[in-house]
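Descriptive analysis of the structure
Single-letter residue listing:
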Amino acid sequence: MADDKILREREERRRMMLEDPVYKVIPILAVPTVISMLIDSFYNMADTYFVSQLGLAATAAVGVNDSLMMMLRAVAMGFGMGAASYISRLLGAKRDEDACRVGMTSLVTAMLVSVVLLIFGTIFTEPLVILLGSTETSMVYSMQYARFILLAAPFTAGEVVLSQLLRSEGSTKYSMFGMVSGCVLNIILDPIFINVFHLEVAGAAMATALSKVVSFMVLLSPFLRRRTMLELRRQYFTPKWHIYKEVGRMGIPSFLRSMLLSVSTVVTNNMAAGFGDTALAAVSVANKCMRFLGAAIIGFAQGFAPVAGYCWGAKRYKRVMQSFWFTSFMGFLIAVI
């Protein structure tokens, strides 16, 4: 009976993506995604708020490591967005097992790549934070923060990919719950680790790292409880060239877009560092505010992606264009507001 219920839920979700009016479906998928994106932006804003009480050098250190976090997420987004696009098309074409293989393969690969980045980043922490724009006075704080961010890198990758897998099948509420749980925990732990345990910047980094682990576990839970269309099983890990090729077609542009944003932030940080911790801290705060506003538009756009993928896989090309124009109009409207 339980399996029958799950199958009915899956088919109802597929029907919604392919049959319901796009002006209803896209907002249903987009609103939780917008909330998730805003919460994701709020992560580092919370760290900056609490760390700012420790002084300019500490605030500058968090800003420097914001670039590191963006780079780690860029790698994960490459796998996550590429997999999500492919999976939506496969689900639309009713190739569910192939979709599961793409999901499991992308998740495991992204986490393994992040382990490699963790190792190299830990070995070369000092030159890394200098490259990111750290000043001499913020160096110690930057290295403290970076070490914990690197330790959490595999979970950050897992969190990003799992979130995209859930969005690919239309389960945006599960994705939102995972992001909310981590953010709330981060906000609770920040003042405890910084002020109560007197761990200062390292405490903020520890809070963020633990929040990433919790978000990962929450996002993994619906897969373990079989509440999703996708199944993550060991036998579905299939590191084949054709999977990586298809994931890369959509994933590499996403990776480059995110990485270039990170690089531009690094360049700005290095220029600001020449004027001291005050300028570096100010630029850090301004960048976070800008990304927070942009997150709403990006989140709404991601509500379009699974609908487009399902319809493309089902060869419903007219519906793809209807979804595109509706999303473009709404994105423009949000930007104007």
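These remarks concern the structure in this document. (Residues numbered from 1 in each chain as written. Predicted model: local features only at pLDDT ≥ 70, side-chain atom pairs only at ≥ 80, totals over all residues. Heavy atoms only, no water.)

Secondary structure assignment for the chain yields twelve helices and zero strands. Ordered by position from the N terminus, the helices and strands of the chain form the series α-α-α-α-α-α-α-α-α-α-α-α. Its C-alpha atoms give the chain a radius of gyration of 20 Å, near enough to 20 Å, the size a compact globule of 337 residues would have. Its C-alpha atoms put the chain at 60 × 45 × 35 Å along the principal axes. Taking all 337 residues of the chain together, the buried fraction comes to 54%. A sequence separation of at least 24 residues applies to 83% of the contacts in the chain between residues at least 6 apart. A total of about 15300 Å² of accessible surface is found on the chain, and carbon and sulfur atoms cover 71% of it. Once the 31 positive and 22 negative side-chain charges of the chain are each reduced to a mean point, those two points are 9 Å apart. (Helix = DSSP H or I, 4+ residues; strand = E, 2+ residues; numbered from the N terminus. Rg over C-alpha atoms; globule rule 2.2 N^0.38 Å. Buried < 20%, exposed > 50% of the residue type's maximum accessible area, 1.4 Å probe, protein only. Contact = heavy atoms within 4.5 Å. Areas by Shrake-Rupley, 256 points an atom, 1.4 Å probe, with all protein chains shown as cover. Lys, Arg positive; Asp, Glu negative; His and termini not counted. Charge placed at Lys NZ, Arg CZ, Asp CG, Glu CD.)

Looking now at the side chain of Arg73. Secondary-structure assignment places Arg73 in helix H3 (residues 56–92). A residue is classified by how much of its surface remains accessible, and Arg73, at 17% relative accessible area, is buried. Arg73 has contacts with Asp40, Thr156, Glu159, Val160 and Lys212, leaving out every residue within four places of it along the chain.

Right, let's talk about the environment of Gly133 for a bit. Topologically, Gly133 is positioned in the loop between helix H5 (125–132) and helix H6 (139–151). Accessibility expressed as a relative area gives 1% for Gly133, which makes it buried. Taking the C-alpha atoms as reference, Gly133 lies 17 Å from Leu150; in sequence the two are 17 residues apart. What Gly133 contacts, discounting residues up to four positions off in sequence, is Val64, Asn269, Asn270, Ala273 and Leu280.

A few words on the packing of aromatic side chains. Across all of its chains, the model carries five aromatic pairs by this definition. Pairing Phe193 with Phe197 gives two aromatic rings, centres 5.8 Å apart and planes at 25°, and the pair type is stacked. Accessibility expressed as a relative area gives 10% for Phe193, which makes it buried. Aromatic pair Phe324 and Trp325: ring centres 5.0 Å apart, planes at 70°, arrangement edge-to-face. (Phe/Tyr/Trp six-rings, centres within 6.5 Å; stacked < 30°, edge-to-face > 60°.)

Any two side chains of opposite charge can pair, so long as their charged atoms come close to each other. A complete count under the given rule lists 15 salt bridges for this structure. In this structure, the salt-bridge partner of Asp20 is Arg15, at a minimum N-O distance of 2.9 Å. One salt bridge connects Glu19 with Arg316, and the closest N-O pair in it is separated by 3.4 Å. Here Glu19 is found in helix H1 (residues 2–19), whereas its partner Arg316 is found in the loop between helix H11 (277–313) and helix H12 (317–336), with 297 residues between them in sequence. Taking the relative accessible area as the measure of exposure, Glu19 reaches 48% and is therefore partly exposed. The class of Arg316 is partly exposed, set by a relative accessible area of 32%. (Salt bridge = Lys/Arg side-chain N within 4 Å of Asp/Glu carboxyl O.)

A cluster of nonpolar side chains, namely Val115, Val116, Ile119, Phe120, Ile123 and Phe124, defines an oily patch on the protein surface of about 570 Å² accessible area. One can find Val116 in helix H4 (residues 96–123). Judged by its relative accessible area of 41%, Val116 is partly exposed. (Patch = residues over 30% accessible without salt bridge, like charges linked within 9 Å, V, L, I, M, F, W, Y side chains within 5 Å.)

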